[in-house]
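These are the residues of each chain, in order.
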Amino acid sequence: MNEKIGVFYGSTTCYTEIAAEKICGEINSLTNSKNTSLYNVSSTSVSKMNDYKYLILGIPTWDFGELQEDWENQWEELSELNLESKYVAIFGLGDQVGYPEWFQDAMGYLWQKIKNQGASMAGCWPNKNFSFTQSKALNYEKSEFVGLPLDDENQFDQTDNLIKVWTKKVLVEFGISNIE
Ligand SMILES: Cc1cc2nc3c(=O)[nH]c(=O)nc-3n(C[C@H](O)[C@H](O)[C@H](O)COP(=O)(O)O)c2cc1C
């Protein structure tokens, strides 16, 4: 694989960071290459996204439906980006039991923002096997999440498999074809 993929995440208590590392590992093993670069938006400007055609973004929801703070700090800079030639997939971390009325809201906000900047979006995920009251990360019909909703508080045992299946789906949707 010659295409480089930029993986950008914000993470307050490291769960999203660990998921991002696993996603990079999965891409590298599926493509037999090391063409992923990992960036924490606490220390990297989102303008670095300009260097990549393919992007995977990770965001947890905090404080009753709010953006994770490092993404929030760069929200205005995101508005400056032209993402018209980019392919983007998003994953989120949340807690459907502790915060059922705001499950994964930040993933929904980030998805809408990135879509507004012109990106082609990939990586939606079925709304099955989750239990919550409301989420801003669902599509119009509420049948799918706009990205991968991980919940390490309540479904940690499923995370590795979800990452494996989702990452493969994203690469196919990106059109990166040389995977097994
Ligand atoms: C104070 C607090 C508020 C939270 N608010 C939400 C929320 O509104 N919605 C949600 O889905 N998860 C919520 N969570 C769960 C976090 O998203 C979850 O713990 C996540 O794994 C944190 O990711 P991080 O370690 O990468 O920061 C909250 C957690 C805490 C401790």
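Residues numbered from 1 in each chain as written. Predicted model: local features only at pLDDT ≥ 70, side-chain atom pairs only at ≥ 80, totals over all residues. Heavy atoms only, no water.

## A look at the overall build of the protein
- Summing up its helical and strand segments, the protein has five helices and nine strands in all.
- If you list the helices and strands of the protein from N to C, you get β-α-β-β-β-α-α-β-α-β-β-β-β-α.
- On C-alpha atoms alone, the protein measures out to a radius of gyration of 15 Å, which is about the 16 Å that the 2.2 N^0.38 rule sets for 180 residues.
- Considered along the principal axes of its C-alpha atoms, the protein spans approximately 40 × 35 × 30 Å.
- Per-residue burial for the protein yields a buried fraction of 52% across its 180 residues.
- Restricting the contact set of the protein to residue pairs at least 6 apart, pairs at least 24 apart contribute 75%.
- Carbon and sulfur atoms make up 44% of the accessible area of the protein, which totals about 8700 Å². (Helix = DSSP H or I, 4+ residues; strand = E, 2+ residues; numbered from the N terminus. Rg over C-alpha atoms; globule rule 2.2 N^0.38 Å. Buried < 20%, exposed > 50% of the residue type's maximum accessible area, 1.4 Å probe, protein only. Contact = heavy atoms within 4.5 Å. Areas by Shrake-Rupley, 256 points an atom, 1.4 Å probe, with all protein chains shown as cover.)

## Some details on helix α4 (residues 105-116)
- Helix length check: α4, at 12 residues, gives a terminal C-alpha distance of 17 Å against a target of 16 Å (1.5 Å per residue), a fit within 8%.
- Within α4 the residues assigned to the buried category are D105, A106, M107, G108, L110, W111, K113 and I114. (Expected span 1.5 Å × (residues − 1).)

## Considering the side chain of N28
- Its place among the elements puts N28 in helix α1 (residues 15-31).
- Looking at N28, its side chain comes within polar contact range of the side chain of T36, at 3.1 Å. (Polar contact = N/O pair within 3.5 Å; in protein donor to acceptor, adjacent residues only side chain to side chain.)

## Things to note about the packing of aromatic side chains
- Counted under the stated rule, the structure contains 14 aromatic pairs.
- Here a set of aromatic residues connected by ring pairs shows up, and it is made of F103, F130, F132 and F145. (Phe/Tyr/Trp six-rings, centres within 6.5 Å; stacked < 30°, edge-to-face > 60°.)

## Let's talk about the site of the ligand
- Neighbouring the ligand are 20 residues, the closest being S11, T13, T16, T61 and G65.
- Expressed as a share of its isolated accessible area of 650 Å², the protein-covered part of the ligand is 88%.
- Broken down by secondary-structure element, the contributors of at least two residues to the shell around the ligand are α1 and β3 (54-62).
- Classifying every residue of the shell around the ligand by side-chain character gives nine nonpolar, eight polar and three charged. (Near = heavy atom within 4 Å. Nonpolar A, V, L, I, M, F, W, Y, C, P; charged D, E, K, R; others polar.)

## Remarks on the nonpolar core
- One finds I56, L57, W71 and F91 to be the most contacted residues of the largest nonpolar core, which totals 55 residues.
- Secondary structure elements with two or more residues in this core: β1 (5-9), α1, β3, α3 (75-78), β5 (87-93), α4, β9 (148-150) and α5 (156-174).
- Not counting residues within four places of it along the chain, the set of residues in contact with F91 comprises T16, A19, A20, I23, I56, L57, G58, I59, M107, L148, L150 and W166. (Core = buried A, V, L, I, M, F, W, Y, C linked by side-chain atoms within 4.5 Å.)

## Overview of the pattern of salt bridges
- By the definition in use, this model includes three salt bridges.
- Between D160 and K22 there is a salt bridge, with its nearest N and O atoms 2.8 Å apart. A residue pair is termed long-range when its members are at least 10 positions apart, and D160 in helix α5 and K22 in helix α1 qualify at 138 residues.
- For the salt bridge of D51 with K48, the shortest nitrogen-to-oxygen distance reads 2.9 Å.
- According to the relative accessible area criterion, D51 is exposed, its value standing at 51%.
- Taking relative accessible area as the criterion, K48 reaches 30% and is therefore assigned partly exposed. (Salt bridge = Lys/Arg side-chain N within 4 Å of Asp/Glu carboxyl O.)

## A closer look at the state of the cysteines
- Under the counting rule described, the total for this entry stands at zero disulfides.
- You can see C14 has no disulfide; the closest cysteine sulfur is in C24, sitting 15 Å from it.
- A relative accessible area of 35% places C14 in the partly exposed class.
- Judged by its relative accessible area of 8%, C24 is buried. (Disulfide = S-S within 2.5 Å.)

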